[in-house]
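So you can see what is in the structure, the chains are spelled out below.
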Amino acid sequence: MEYWILFGSFTLLLLIGTPVAFCLGASSFFTVVYLGLPPVVVFQRLNSGISVFALMAIPFFIYSGDLMVRGDIARRLVALAGSFVGHMRGGLGQVNILASVMFGGVSGSAAADASAVGGLMVPQMKKRGYDVDYAVNITVVGSIIALMIPPSHNMIIYSIAAGGRLSIADLFTAGIIPGLLLALTLMVAAWYVARKKGYPTEPFPGFRIMGTLFVSAMPGLILVAIIFGGVRSGVFTASESANIAVVYALLITALVYRSLPWREFVEATLGAVRTTAMVLLVIGCAACFGWLLAYLKVPAQLVNFLENISDNPLVILLLMNLILLILGTFMDMSPLIVITTPIFLPVAQAFGVDPVHFGVILILNLGIGLCTPPVGAVLFVGCAVGKISIWQAMRTIWPFYGAAFVTLMLVTYIPALSLWLPAVFK
């Protein structure tokens, strides 16, 4: 009966439009009361879920990304990307993807990537004769590259959800090759669609202009090296690197580029505060929900259930991927990481999957969910930027879904894609 109360009340509240954090908190409270536990347990677990020092990195990474968005960094990175790949078939589509790689290394947020890169690229693509749905689809699916490469704050959430025993530096490193692989498969899909529809290429600007654009964008790119190099080398922790990122972003945008007026600074600060409050509330409520799942021994029962279906790790990984893909269409990424990690990570480890490898699978899988209705936050952002309906975008997004799914399968079944680079750095 406790399972029906926990999952039933959560599903019902979600269906009637209750915010996810309140769905998690209320369903946990109802279940705790039914079990006869003190109701204060809910608030204790919520508090312990957000009283984790490593979470300090998240608000500062969010803040630094917002400062970069408002401080002209995105425009410079897009211009640099255009000089590299604009001459390929469907040039601006390729530029969009490469710009997502560069900006993702600065922001670590798929929504910020879709908003910043999409806001610059979608209007340009429409002017050059590209279909608006093509522009939006590339922007939406390309933005999940930001989830894979440092400084992805979702990797930090996964580390905490896994009990805080996983190295954030290893997770940052593990996502680099899968993120670049995702970019490559998306570029192939963009080339195929562009060739089929006869989209134009952009003229090659010449090496002198490329050099000028590279120098102009260099301060933004240096931030990526500071964050990754500092964390990976052990010079500072992820939380310290996030603080350094904020200071660096302020210095570059305010003093070097002189592109951050006071009003934009205030809006970036308030926006980061609001986003942080929402993220931490969701994480706290999800932590309580996850504790109840462990208390009710859901992971152990799931392991037994899957063992009865098959003892082949390849089949089990496929089943978990399908379940996560379905869940990702109905819930946002942060709460799903906190909820599903305590359930699926023990299952994955029981079948011999490395927890760092599983983390990359989980992040990429749930990132695809951000691009799918009915609760695809990044899809909503992309459609709002392009001013088209979700269903108009969905009619032609399938080649890019296919590219993301192929990447997911490669990452799932070739562990070296995730584990080789962390081993090299160690």
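Worth saying up front: this structure is predicted, and the values here are computed from it rather than measured. (Residues numbered from 1 in each chain as written. Predicted model: local features only at pLDDT ≥ 70, side-chain atom pairs only at ≥ 80, totals over all residues. Heavy atoms only, no water.)

Undergrad: Describe in detail the packing of helix H7 (residues 110-127) against helix H19 (residues 377-386), supporting the description with residues and values.
TA: Between H7 and H19, the shortest axis-to-axis distance is 9 Å and the interhelical angle comes to 30°. One finds that H7 runs roughly parallel with respect to H19. H19 is crossed by H7, and the crossing has right-handed handedness. In this structure, H7 uses Ala110, Ala111, Ala114, Ser115, Gly118, Gly119, Val122 and Lys126 to contact H19, whose residues at the interface are Val378, Val381, Val385 and Gly386. (Axes fitted to C-alpha atoms, helices over the stretch in contact; angles between N-to-C directions. Helix = DSSP H or I, 4+ residues; strand = E, 2+ residues; numbered from the N terminus. Parallel < 35°, antiparallel > 145°, perpendicular 65-115°, else oblique. Left-handed = near helix turned anticlockwise from the far one by under 90°. Contact = heavy atoms within 4.5 Å.)

Undergrad: Before we move on, could you go through the pattern of salt bridges and cite the residues and values that matter?
TA: Scanning the entire structure with this criterion turns up two salt bridges. One salt bridge connects Lys197 with Asp131, and the closest N-O pair in it is separated by 3.4 Å. With a gap of 66 residues between them, Lys197 in helix H11 (residues 176-197) and Asp131 in the loop between H7 and helix H8 (132-142) connect regions that are remote in the sequence. Its relative accessible area of 41% is what places Lys197 among the partly exposed residues. Judged by its relative accessible area of 32%, Asp131 is partly exposed. For Glu267, the salt bridge goes to Arg263, with nearest N and O atoms at 3.5 Å. Taken together, the positions of Glu267 and Arg263, both in helix H14 (residues 262-295) and four residues apart, correspond to about one turn of that helix. The exposure class assigned to Glu267 is partly exposed, which follows from its relative accessible area of 30%. (Salt bridge = Lys/Arg side-chain N within 4 Å of Asp/Glu carboxyl O. Buried < 20%, exposed > 50% of the residue type's maximum accessible area, 1.4 Å probe, protein only.)

Undergrad: How would you sum up the side chain of Asp170? Please name residues and give values.
TA: Here Asp170 shows up in helix H10 (residues 168-174). Under the relative-accessibility criterion, Asp170 is labelled buried at 8%. Here Asp170 is in contact with Arg232, Val356, Pro422 and Lys426, once residues within four sequence places are set aside.

Undergrad: Explain the nonpolar core residue by residue, including any values.
TA: In terms of nonpolar packing, the biggest core is built from 149 residues, with Tyr134, Met320, Phe358 and Phe400 touching the most fellow members. A per-element tally of this core places H14 first, with eleven residues. (Core = buried A, V, L, I, M, F, W, Y, C linked by side-chain atoms within 4.5 Å.)

Undergrad: Can you tell me about the packing of aromatic side chains, naming the residues and giving the values?
TA: The way to describe two aromatic rings as a pair is by their centre distance and the angle between their planes. Overall, the coordinates contain eight aromatic pairs when judged by the stated rule. Between Phe29 and Phe30, the aromatic rings sit 6.4 Å apart at their centres with planes inclined by 65°, giving edge-to-face as the arrangement. Look at Tyr134 and Tyr199: their rings are 4.7 Å apart centre to centre, the planes differ by 50°, and that puts the pair in the tilted class. Separated by 65 residues along the polypeptide, Tyr134 in helix H8 and Tyr199 in the loop between H11 and helix H12 (207-233) bring together distant segments of the chain. (Phe/Tyr/Trp six-rings, centres within 6.5 Å; stacked < 30°, edge-to-face > 60°.)

Undergrad: Just give me the short version of helix H15 (residues 298-309), but keep the residues and values in it.
TA: When the terminal C-alpha atoms of H15 are compared, their 17 Å separation across twelve residues agrees well with the 16 Å that a helix rising 1.5 Å per residue should span. Along H15, the residues that are buried comprise Val298, Pro299, Leu302, Val303 and Leu306. Summarising the axial view, the buried residues of H15 lie within an arc of 140°, below the 170-degree limit, and thus occupy one face. Buried residues along H15 sit against helix H1 (2-15), H14, helix H16 (313-328) and helix H17 (333-350). (Expected span 1.5 Å × (residues − 1). Arc of directions from axis to C-beta.)

Undergrad: With reference to specific residues and values, describe unusual backbone geometry.
TA: Residue Pro151 is bonded to the preceding Pro150 through a cis peptide linkage, with omega at 5°. The topology assignment puts Pro151 in the loop between H8 and helix H9 (153-161). A positive phi is found at Lys387, a non-glycine position, where the angle reads about 60°. Locating Lys387 in the fold gives a position in the loop between H19 and helix H20 (390-394). Assessed through its relative accessible area of 73%, Lys387 is described here as exposed.

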